[in-house]
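Architecture at a glance
Single-letter residue listing:
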Amino acid sequence: MAALALRCAGHRRLLARLSPSFCVPHVVPMGTTAKEEMSRFWEKNTKSNRPLSPHVSIYKWSLPMAMSITHRGTGVALSLGVSLFGLAALVLPQPFPHYLALVKSLSLGPALIYSAKFALAFPFSYHTWNGVRHLAWDMGKGFKIPQVNQSGVLVLILTLLSAAGLAAM
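Keep in mind that what you see is a predicted model, and the values were worked out from it rather than measured.

Relative to the assigned elements, Ser-125 resides in helix α6 (residues 110-138). With relative accessibility at 3%, the residue Ser-125 sits in the buried group. Setting aside residues no more than four positions away along its own chain, Ser-125 makes contact with Thr-159, Ser-162, Ala-163 and Leu-166.

Here you go:
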């Protein structure tokens, strides 16, 4: 019973602290609206002829920058691919072996088949190897610029080799 009384008293005290009457006296009215602030910001930028900051044109492209963007892109592509494959498996009327036989019946050349398999394996391999690289970074390893560039080249080499190996299967 005492616990219930304490709980109710604590609840009332919390509600009293969070009530609007507690908060309102401390509110300072805004001088301008967000729309006015944005308008003033864009007028100032237009008059001074400044680009948006940071602007892509001021950066020199580097391997780590390109690999970071590619890692995000392959992650999105893999997520969309798996989602679309799963959706297709649910929606299409025939089971998967039927569609596999359909592709085989097209009699596509081995070069085209290998290229398609490589194109599917490349994002998976790249994202996997770059993820291993990120795990090393999470452990605090390889943050010096030469090491970052070396690990980037290693990721690219491992990606090409593993994607070629997966495509050859």
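Tallied over the entire structure, the rule returns one salt bridge. The partner of Glu-37 in a salt bridge is Arg-40, and the shortest N-O contact between them spans 2.2 Å. Of this pair, Glu-37 and Arg-40 both sit in helix α3 (residues 34-48), separated by three residues, roughly a single helical turn. For Glu-37, a relative accessible area of 37% corresponds to the partly exposed category. The class of Arg-40 is partly exposed, set by a relative accessible area of 45%.

Take the packing of aromatic side chains next. Counted according to the given criterion, the structure contains five aromatic pairs. Between Phe-85 and Phe-96, the ring centres sit 6.0 Å apart and the planes meet at 70°, which makes this aromatic pair edge-to-face. Of this pair, Phe-85 sits in helix α4 (residues 63-91) while Phe-96 sits in helix α5 (residues 96-105), and the two are eleven residues apart along the sequence. Residue classification places Phe-85 among the exposed positions, given a relative accessible area of 54%. Relative to Phe-122, the ring of Phe-118 lies with its centre 6.0 Å away and its plane at 40°, an arrangement referred to as tilted. Of this pair, Phe-118 and Phe-122 both sit in helix α6, four residues apart, which is roughly one turn of the helix. Accessibility expressed as a relative area gives 23% for Phe-118, which makes it partly exposed. On the accessibility criterion, Phe-122 (28% relative accessible area) is partly exposed. The rings of Phe-118, Phe-122 and Tyr-126 are connected pair by pair, giving a single aromatic cluster.

Rules and cut-offs
Residues numbered from 1 in each chain as written. Predicted model: local features only at pLDDT ≥ 70, side-chain atom pairs only at ≥ 80, totals over all residues. Heavy atoms only, no water. Helix = DSSP H or I, 4+ residues; strand = E, 2+ residues; numbered from the N terminus. Buried < 20%, exposed > 50% of the residue type's maximum accessible area, 1.4 Å probe, protein only. Contact = heavy atoms within 4.5 Å. Salt bridge = Lys/Arg side-chain N within 4 Å of Asp/Glu carboxyl O. Phe/Tyr/Trp six-rings, centres within 6.5 Å; stacked < 30°, edge-to-face > 60°.

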